[in-house]
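Single-letter residue listing:
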Amino acid sequence: MHLKILKSRSYYFIIIIALTLIVLFIPRTPNKQNGKVKKVIDGDTIELFDGRMVRYIGIDAPRIYAQQEKKGMLPPEPFAAEARQFNENLVLNKPIRLEFDVQEKDRFARVLAYCFVKTNENGTPKEVLVNKTIIEEGLAYAFVDKENSGYSDDFFQAQQKAQHNKKNIWANQAAISPKEARYFINERKFIEGEIVSVTETRRTIDLLFHRRKKSYLKIVIFKDSLAHFRRVNIDPKTFYTGKKIRVFGLIREYSGPEMVL
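One structure accompanies this document, and this report is about it. Quantities reported herein were computed from a predicted structural model and do not represent experimental measurements.

Helix and strand counts for the protein chain come out as six helices and 18 strands. Residue burial in the protein chain is summarised as follows: out of 261 residues, 39% are buried. In the protein chain, the share of contacts with a sequence separation of at least 24, taken over all contacts with a separation of at least 6, comes to 55%. For the protein chain, the accessible surface area stands at approximately 16,500 Å², while carbon and sulfur atoms represent 53% of it.

Attention now moves to the sheet that holds strand E12 (residues 188–194). Reading across the sheet, the three strands line up as E11-E12-E16 and stay open at both edges, with mixed pairing between neighbours. Edge positions in the sheet fall to strand E11 (175–176) and strand E16 (244–250), since each has one partner strand and no second. As defined by bridge partners, E12 adjoins E16 across seven bridges and the pair is classed as antiparallel. Bridge assignment links Ile 191 to a residue of E16, and that residue is Val 247.

A few words on the pairing of strand E1 (residues 32–40). Here E1 runs beside strand E7 (residues 95–99); their pairing, made up of five bridges, is antiparallel. Across the sheet, residue Lys 32 finds its bridge partner in E7, namely Glu 99. Here E1 hands over to strand E2 (residues 45–48) after four residues, the two strands then running antiparallel side by side.

Before going further, it helps to examine the pattern of salt bridges. Overall, the coordinates contain 13 salt bridges when judged by the stated rule. Between Arg 52 and Asp 50 there is a salt bridge whose closest N-O contact spans 2.9 Å. Between Glu 192 and Arg 246 there is a salt bridge, with the nearest N and O atoms lying 2.7 Å from each other. Of the two residues, Glu 192 is situated in strand E12 and Arg 246 in strand E16; the sequence distance between them amounts to 54 residues. Relative accessible area serves as the criterion here: at 40%, Arg 246 is assigned to the partly exposed category.

Conventions we followed
- Residues numbered from 1 in each chain as written.
- Predicted model: local features only at pLDDT ≥ 70, side-chain atom pairs only at ≥ 80, totals over all residues.
- Heavy atoms only, no water.
- Helix = DSSP H or I, 4+ residues; strand = E, 2+ residues; numbered from the N terminus.
- Buried < 20%, exposed > 50% of the residue type's maximum accessible area, 1.4 Å probe, protein only.
- Contact = heavy atoms within 4.5 Å.
- Areas by Shrake-Rupley, 256 points an atom, 1.4 Å probe, with all protein chains shown as cover.
- Pairing = 2+ DSSP bridges.
- Salt bridge = Lys/Arg side-chain N within 4 Å of Asp/Glu carboxyl O.

In structure tokens form, the structure reads like this:
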């Protein structure tokens, strides 16, 4: 009986090894795929001929349209049409190469990808990263999350170059005051002012330009983003109090004007 049990266990062990080898040699889904662009939705979204909707990773182009709670559709942002046209000129009806990162789809089931297209520069064939090219043209903002950050350094360098050259969305870099922010809800603006206090909630650290929170802009830093500050040895809870800062972003309404960093 004991011998039979050993044989049985050996048999199962052999099956497990065989199954493991089968799994190991099953071809994995490649992290690169090809496609052809059927339609350009806006500056950061395209549709392929195979039906897939692709959202470019790491960039946020001015919106063509967006749903606003209780108030219907928002009007297009400045340079939204220019961003879509530039994207069309780059990729429409052209074969592209898609490269994926950690998260391959967003909550709208769109494919998240870095998009590469071949161009002809001064007679020389060249493959360019579309995401970076649109940022560099000043027609999209660098937007990198913790899941997909493969080209984040390239994107932020491209944005700095566009800002320096004052291209398109960066042409007007004049700042408004924290008090004026309430007049620019759903717009992207530079803000300048002094942080008078910092408060902390369970999920956020809030930088306040004034104690009248509903009248002045509030800067919101979610705690899951603190790693970005730690990399440059900044603790937002103590660093910004009493300092004059300049910040850029989208102004939202949430019990007063606020901007999320």
